[in-house]
Each structure stands twice: as C-alpha cells, then as structure tokens.
Amino acid sequence: MTQLANVWAEQGYHVLLYTDEPATEKDYWCNPQVKRIQVKGNSLKEKNEFLKKSLLQHNAEYFVDHVWCFKDDVAERAEILKDSGIKYLVYIHGLFNIPFYNFDVGTLHYVEGIKKSHAVLCLNRMNFAFFAALGCRTLLTNNPIQPYLLDNDRISDLNGFNLLWIGRNDQGKHFSDALEIFCRVRECEKNARLHVVGDISLKEELNFVHIHEEVRKDILFYGFDADVAKYYLNADLMLLTSEAEGYCYTLLESKCFGVPVVMYNLPYLSLVKDYRGITSVQMRNTEEAAAKVCLLLSDRKLLKEQGRQARESFEYFASYDCASFWYNVFDDENIEKLIENEKEELGQIDFLDFEHITRGLLHDLEHNSRYINVPQTLFSRLHSKIRSCGGRVCQLFQ
C-alpha cells in the first residue's frame, strides 16, 4: 500500500496513509508528501468512526482500503462511508474464498456489504470473476512495482546449486515442505544449499524435521532482510511452497533477477499465467517438486533458458502503466468506461481456475487437522456441495 501511496503522491494527489500500527524500521520507504495517520480506537466501531471523522476533516474524496480478504471490517466501513460522500474502494490482495475457507458464518453478509463500495479492485482474474458475478463494480489491476526492481539490470548467473526460500512463519507458506524438498534434492545433488530469508522463528521448524547433520549445515538462515537483491543474485532456483497467494511479490522479484521458480501450481495468479520461468507441480507434492529441482540443476541449458524466460516475463509486467490506471479510477467518467470494458471480458474467464481452488479446498477438508472440530454435518454438507457444483465456486454461495 505504501508503494501505491507513492504513485499517487507522484501524480500530484494529496495522500493520507492510514495504518493500524506505528511506523517501524521495517516499513517501506514512503514519499515525504504522504501524511501517515495511525488509526485510533479499541473496537472496530471506534476505529471506523475515527477513520470517517479524519477523512471528512481532510476533505477526502476517496478511501482505498487495502485488505487481504473481505470480512466484517470491510462491510462495516462500506456502510459507514456510504452516506459521507467519500467513495470507498476495496483493494483486495488476497483470495475471495478465504472467509468461506475458514467457515466464517458471516461471509454472505460481508458480500452484501462489499457491494456498497464504489468499486472492488482485484489482483487476479479469479477474484475479478467472483466479485463481478456477484454484481460488484469490479476492476482488474496489478500491484505497483518498486523502483529498485524497475531500475535493476542484474540477473543471477545460474552457475551454482543454491535454492532460495523467502517468506514468513505462516502455516499457509508450508516452510516444512521446502525442507522436505531440499532433503530429497540432496539425495541427487550433494552440492545443493538452501538459503532461507524471513522470520527467524522459521528455524524452529528444524526441531520437527529429522534432518541429517550433513544436510542441516547447508540450510542457511538470514532472518528478516529488506535488501533481498543479494539473495536473488546468489540463487539458482527459488522454491515457492505456498498453498495460496493473492499476488505473490516474491514471484515478481524472482522474475526480475532471472531466477527460475519451482512452485505448487497456483494457476489463477496473474504472475503465473504465462508460466515463463516457472515449473509447477501438484499441491503439496514434495517428491515431484524435488524431481523438478534435480532436473533443472542437472541441465544448465534448460535452467538458463528458464531464467531468460523469467526475466522476459518481468519486462512484460513492468510495462504495466499503474499511474494511468489510477488516474482513470479517480475520474468519475473514466472509471465507468473501465468497468464496462471489464464486464465485456468476464465471459472469457477460465473456470479451471475455480476448479483448482475447489480441489484444494476438498483436499484440506479431508486432510487438514485444523478442521477436526468442525461439526460433521457442516463438513458433509459443504463437501457434497463442492463436488456437485463442478468446480464453479460461485455456485457454492447461491
């Protein structure tokens, strides 16, 4: 969101950046012309009232809400801002199905709330199709790219055996899968090393995985580091073991530095659509992922071709004119044209994307321990409905 604020400030807009947390050293650089305001209040209602009062005091015309998924906070803000004259834009960088995925009983209410927004902005076509099908004013966009990537002209030489994993200690990132993949890779390539950048607590995962000492010493932890360029330039392959992503900036970074990626298949991601520089495998299939890594490390011609394709793919995404898109969004006449143009493309959505998500959800329902306390009647009902709708997720909620 900080980078978006920088884009708007460079366009000459007066920008307020509202955050729940105070500024820290880990924050991205922010244009000095952007005014940062920490939202105050103990309850959701108090925070929303503070937000509304502050926006009105600053004569704000638009409020762009950057959210992972749509929940009660989005619905309530849409209701509060609806009659204030402030146009509420919901910028969703997660997946539409997260509330359903977690059996959130208020989800349909949230959908009704989000319809009151001025527009819903999506980072992948699956989200776009879902919200458009529900009658929301929907637009498809890309995240802005940080200047250090746009200015970068360096790529990895891809002459080593270094695997890179970047992420945080989150259940959905499946760092333990990356460890398992690496252990399998070491069986075919003894020179391989795994470099881990992110939350240092990830190191605790090693306590739960039986790894031989000879392999363990080649798993290198660096903790959090905002300067990631050096890790990509040293990498020969990146592992991406997430079960779900909304945009996946690390994937964009890997493309920028010409580093091929072996990842679980997430076909709905905009960054994955061309599959250039990407080798995808079935979800949670560590054996298949390790085999692909071994193949690439043993065939330098193939590896470097994948690296070349990755960089070409980055050039394509870097050509996206983010500033022009937002100029049109903030213009009443132009945004209507954008929305109409997007509607014409809705029928072209590939419903295989929906099928992929439902297959993943079925797998979790059957195998994930976090659903052990879900009432069996609910489990059975949802399980049956997923299968009966043939992968068309919108039908799940009708």
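Scope of this entry: the structure provided in the associated data block. Quantities reported herein were computed from a predicted structural model and do not represent experimental measurements. Every residue gets a number counted from 1 within its own chain, in the order that chain's sequence is written. Only residues with pLDDT of at least 70 get local features here, since the model is predicted, and only at 80 or more are side-chain atom pairs given and counted; chain-wide, interface and lining totals rely on the full set of residues. Values reported for side chains reflect all heavy atoms of the structure, with hydrogen atoms and water molecules removed beforehand.

Focus: the overall build of the protein
A run of DSSP states H or I qualifies as a helix once it reaches four residues; a run of E qualifies as a strand once it reaches two. Both are numbered from the N-terminal end. Across its full length, the protein carries 17 helices and 12 strands. For every residue, the accessible area (1.4 Å probe, protein chains only) is compared with the maximum for its type, and the residue is labelled buried under 20%, exposed over 50%, or partly exposed between those bounds. In the protein, which comprises 398 residues, the share counted as buried stands at 53%. Between two residues, a contact is recorded if the distance between any of their heavy atoms is within 4.5 Å. Considering only intrachain contacts with a sequence separation of at least 6, the fraction spanning at least 24 residues in the protein is 69%. Accessible surface, the protein: about 19300 Å² in total, of which carbon and sulfur atoms supply 49%. Accessible surface is estimated by sampling points in the Shrake-Rupley manner with a 1.4 Å probe; for residues, cover comes only from the protein chains shown.

A look at the environment of H118
Its place among the elements puts H118 in the loop between α5 (107-114) and β5 (119-122). Considering only alpha carbons, one finds H118 and T138, 20 residues apart in sequence, at a separation of 9.2 Å.

Focus on the sheet that holds strand β4 (residues 87-92)
For two strands to pair, DSSP has to find at least two bridges joining them. Pairing in this open sheet of four strands is parallel, and the strands run β3-β4-β5-β6 from one edge to the other. Edge positions in the sheet fall to β3 (62-67) and β6 (138-140), since each of these pairs with one other strand and no more. With direction set aside, neighbouring strand axes in the sheet form an average angle of 25°. Every axis in this analysis is a line fitted to C-alpha atoms, fitted for helices over the stretch in contact. Angles between the N-to-C directions lie between 0 and 180 degrees.

Examining the environment of E340
Position of E340 relative to the elements: it lies in helix α15 (residues 332-345). Separated by 201 residues in sequence, E340 and L139 have C-alpha atoms that sit 9.5 Å apart.

A word on the sheet that holds strand β8 (residues 193-198)
If you walk across this open sheet you meet the six strands as β9-β8-β7-β10-β11-β12, and the pairing is parallel. Two strands in the sheet have a free side with no partner beyond their single neighbour: β9 (219-223) and β12 (278-281). The sheet shows a mean angle of 25° between the axes of neighbouring strands, taken without regard to direction. Note: strand β7 (residues 162-167) against strand β10 (residues 237-240), two bridges, orientation parallel. Looking at the pairing, L163 lines up with L237 of β10. Helix α11 (residues 249-256) contacts β7, β10, β11 (261-264) and β12 of the sheet and is inclined by roughly 170° relative to β10.

Let's talk about the nonpolar core
Here, nonpolar core refers to any group of buried Ala, Val, Leu, Ile, Met, Phe, Trp, Tyr and Cys residues whose side-chain atoms link them within 4.5 Å. Within the largest apolar cluster, 80 residues are counted, with the highest numbers of intra-cluster contacts made by L89, F131, L252, W326 and V329. Once residues lying within four places of it in the same chain are set aside, the contact partners of L252 are I145, L149, Y247, L271, F314 and F317. Counting residues in hydrophobic clusters, the runner-up holds 28 residues, among them W165, A192, V262 and Y264.

Focus on the packing of α11 against helix α13 (residues 300-318)
A pair of packed helices can be characterised by two numbers: the angle between their axes and the separation between those axes. Taken N-terminus to C-terminus, the directions of α11 and α13 make an angle of 115°; their axes are 7 Å apart at the nearest point. Of the residues in α13, those in contact with L252, K255 and C256 of α11 are A310, R311, S313, F314 and F317.

Let's talk about the side chain of N162
By the element assignment, N162 lies in strand β7. A polar contact is formed between the side chain of N162 and the backbone oxygen of N234, at a distance of 3.2 Å. If sequence neighbours within four positions are ignored, N162 has contacts with R193, H195, N234, A235, D236 and L237. For the purposes of these results, a polar contact is taken to be a pair of N or O atoms within 3.5 Å, where, inside protein, one atom must be able to donate a hydrogen and its partner to accept one; residues adjacent in sequence count only when each atom of the pair is a side-chain atom.

Notes on the pattern of salt bridges
Just to be clear on terms, a salt bridge is a Lys or Arg side-chain nitrogen sitting within 4 Å of an Asp or Glu carboxyl oxygen. In the structure shown here, the tally under the stated rule is 20 salt bridges. The shortest N-O distance in the salt bridge between K116 and E79 comes to 2.3 Å. In this pair, K116 is assigned in the loop between α5 and β5 and E79 in helix α3 (residues 72-82), connecting sequence segments 37 residues apart. Judged by relative accessible area, K116 falls into the partly exposed class, the value being 38%.

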